[in-house]
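# Close look at the chain arrangement
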Amino acid sequence: MKSDHRAILEHRECFSPGLFSITFKAPELAAEVEPGQFAMLEIPERVRPYLRRAYSVADADPGRGTVEFLVKTVGPGTGALEELTDRSPVRLLAPLGNRFSIGDLTSDGAVAIVAGGIGAAPFPLLLRRLSAAKVESDLFLGARRALDLGFRNRFSGAAGARKTYLATEDGSLGEKAFVTEVFREAARKKRYQRVFACGPMPMFAALAAIVQELRIAAEFSTEAAMGCGFGVCLGCVIPGVQKPFIVSCTDGPILPPEKIAWARLGPRA
Amino acid sequence: MGTPRSSSVTMTPPTLEVQLGPLRLKNPILTASGTFGYGLEFADFVNLSTLGGLCTKGLSLRPHAGNVPPRICETPAGMLNAIGLQNVGVETFVEEKLPRLRALGATTIANVWGDTEEDYVTVVAALEDAEGIAAIELNISSPNVEKGGMLFGNSPPATASLVTRVRRATRRPLIVKLSPNAPDLVESARAARDSGADVLSLINTLVGLAIDAETARPRLSFGTGGLSGPAIKPIALRMVYQVARALPKVPLMGIGGISNLDDILEFLAAGASAVQVGTANFKEPGVSGRLVEELEAHCLSRGVTVASLVGRAHRFGDARDAGAEG
């Protein structure tokens, strides 16, 4: 059940300038959170940012009672997190939102995970659960440049992907291509049961067309500016197909691309 | 815990009780429309029966989809929103939400809006036979819809005409939520009172604008939005003070950036008999319940009642510019 957890910063790791991981002690949340869910994080006593910010839970370790977030500094909210000192308390309103569906996957076929830049944030926990369920996964990590993928080692190891494809737009790491193109090539040769994706809107739009063409079931972890995170302010809506607006925080954030009215997305701030 | 607490409705001491015209509330802390959903979303964080009341999301005759995104953005010490009054419609509210609010012991105030006078009257009439509504709050002050909303609130004759018609449609206590964007707030307040409002609530959001420095595009798709949060508290406090001074007999509910005990004490001192907590609900979903406990502890430790705290600022005479506009 969602509640407002007090959590202490236990560990931080910097991958490259403005790209970091923060791990909090939050035992109840660590035991409860599912892949794809998020937390509304508040740093107490700070005037700016005023509202909480939404962060996907990157990983959880119920044994150690810790919850980890992968963060890229983009504005005052993430900037304040980057400055957070060890043992600082924060509040985590969590777990919020729905989750990636993995219960119906079989160990006969693989799944694909496609991430654009910091869109990789929700996937360590998903990979861990897939690995526990003996479902094979291929990871496609893309970004503008190598520096934006400074966290890539976070995805290797025992609970990592079977195979990792890297792509950068400037060719400084892996293939010089959009990650969606690399995925399309692979998906033509190999039948994936499902695609899990998170990244910027242009990546989602391109990927939505690809999964429709190749008839692969997909789940996108969508992002929208959230005021509350639990369905009250109605600030985070996304144009929908079956209804005018999908409330990202409570109907999502995990949404199948066919439910999103891509043509009505329009310019976003 | 060292402080006495109320664990059920019946144990709440009269210390906190307030009377606003025909509306008696167990305590003066309510939650503001548009920041508390239909109340049910907060049941994990607040025992709804401990609140003085909750104001629902603005209800319209039919379900309303609201504005296209982006709908919100953060501003210094607050936020701008242009949600556009997205809501499930009065019928769904009565059938699906209200019975659950009743079961949770909530004191529910139905906030109502429409495009036309007829819309308002029809919604209020649809609520008239519903069980479990303590009062009606008329939203004549939303800045985020093309028609209705603020247009009624910004013209005293339009306010008077609308409130007169709604007054005839309901026996329930009638609260009118005033717009801080009105050219003359006191005139608006007077028009609402003279037309049959029992209580005035103020303020709704202030019209604001945010522009993306990089693209020069307004950050909200609607263009402008309503500013809320601690940023507007001094303005709200001044407006409550001003209306209380001009119309001392009209019960007021203060709204605007309230997030801690001092904020509440200040609004009470300015002349509000009750307050509505708004944007703070987004940041801290349990804030309203926590403030009820804090206010109770405060009153018990000082040996005072909430009623005795109302209007205390006025004994110091007129604050320099507070009466100037009225």
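Since we're looking at a predicted model, the values are computed, not measured.

### Here's the deal with the interface of chain A and chain B
The partner chain B presents 29 residues to the 30 residues of chain A that form the contact. Those elements that place two or more of their residues in the side of chain A that touches chain B are β1 (3–16) and β14 (237–239) of chain A. Of the residues belonging to the side of chain A that touches chain B, the class tally is 19 nonpolar, five polar and six charged.

### What to know about the sheet that holds strand β14 (residues 274–277) of chain B
Sheets are built from strands paired through backbone hydrogen bonds, the pairs being either parallel or antiparallel. Residue and element names in this part refer to chain B. Taken in spatial order, the eight strands line up as β3-β4-β7-β8-β9-β10-β13-β14 and close into a barrel, and their pairing is parallel. Between one strand axis and the next, the sheet turns through 25° on average, direction left out of account. Of the strands in this sheet, β3 (29–31) and β14 are in contact with helix α9 (residues 287–302), which crosses β3 at around 175°.

### Thoughts on the confidence of the model for chain B
Residue and element names in this part refer to chain B. Scored by pLDDT, chain B has a mean of 93; 93% of the residues are at 70 or more. Long-range and interchain partners of residues 1–10, a stretch whose pLDDT sits below 50, account for 10 contacts in this model, where long-range means more than four residues apart. Scoring the predicted complex yields pTM 0.93 and, for the interface, ipTM 0.93.

### Notes on the environment of E28(A)
Residues and elements named next belong to chain A. When you line up the elements, E28 lands in helix α1 (residues 27–32). Overall, the presence of 16 C-beta atoms within 10 Å leaves E28 in the partly exposed class. C-alpha of E28 to C-alpha of A54: the two residues are 26 residues apart in sequence and 19 Å apart in space.

### Points about unusual backbone geometry
In most cases, non-glycine residues show a negative phi, while peptide bonds are predominantly trans. Here the amide bond leading from A94(A) into P95(A) is cis, since omega sits at -5°, within 30 degrees of zero. Relative to the assigned elements, P95(A) resides in strand β7 (residues 89–96). The omega torsion across P69(B) and P70(B) is 0°, close enough to zero to call that bond cis. Here P70(B) is to be found in the loop between β4 (53–55) and β5 (72–75). Phi is positive for L234(A), which is not a glycine, with a value near 60°. Tracing the chain through its elements places L234(A) in the loop between β13 (218–221) and β14. Located in the positive-phi region is A216(B), a residue other than glycine, with phi close to 65°. When the 7 C-beta atoms within 10 Å are taken as the criterion, A216(B) is described as exposed.

### So, the environment of R162(A)
Residue and element names in this part refer to chain A. Position of R162 relative to the elements: it lies in the loop between β9 (137–143) and β10 (163–168). Note: C-alpha distance between R162 and L139 (23 residues apart in sequence) is 7.8 Å. When sequence neighbours within four positions are dropped, the list of residues in contact with R162 reads A110, E136, S137 and D138.

### Some details on the domain arrangement of chain A
Residues and elements named next belong to chain A. According to the domain assignment, chain A consists of domain 1 (3–96), domain 2 (100–217) and domain 3 (222–269). For domain 1 and domain 2, the distance between their C-alpha centres works out to 23 Å. Residue assignment for the side of domain 1 that touches domain 2 shows that the elements contributing at least two residues are β1, β2 (19–25), β5 (59–61) and β6 (66–72). Of the residues in the side of domain 1 that touches domain 2, the class split is seven nonpolar, four polar and two charged.

How each quantity is defined
Residues numbered from 1 in each chain as written. Chains lettered and ligands numbered in written order. Predicted model: local features only at pLDDT ≥ 70, side-chain atom pairs only at ≥ 80, totals over all residues. Contact = placed C-beta atoms within 7 Å. Helix = DSSP H or I, 4+ residues; strand = E, 2+ residues; numbered from the N terminus. Nonpolar A, V, L, I, M, F, W, Y, C, P; charged D, E, K, R; others polar. Pairing = 2+ DSSP bridges. Axes fitted to C-alpha atoms, helices over the stretch in contact; angles between N-to-C directions. pLDDT = per-residue confidence, 0-100. Buried ≥ 20, exposed ≤ 12 C-beta atoms within 10 Å, placed from the backbone. Domains from an automatic or database assignment.

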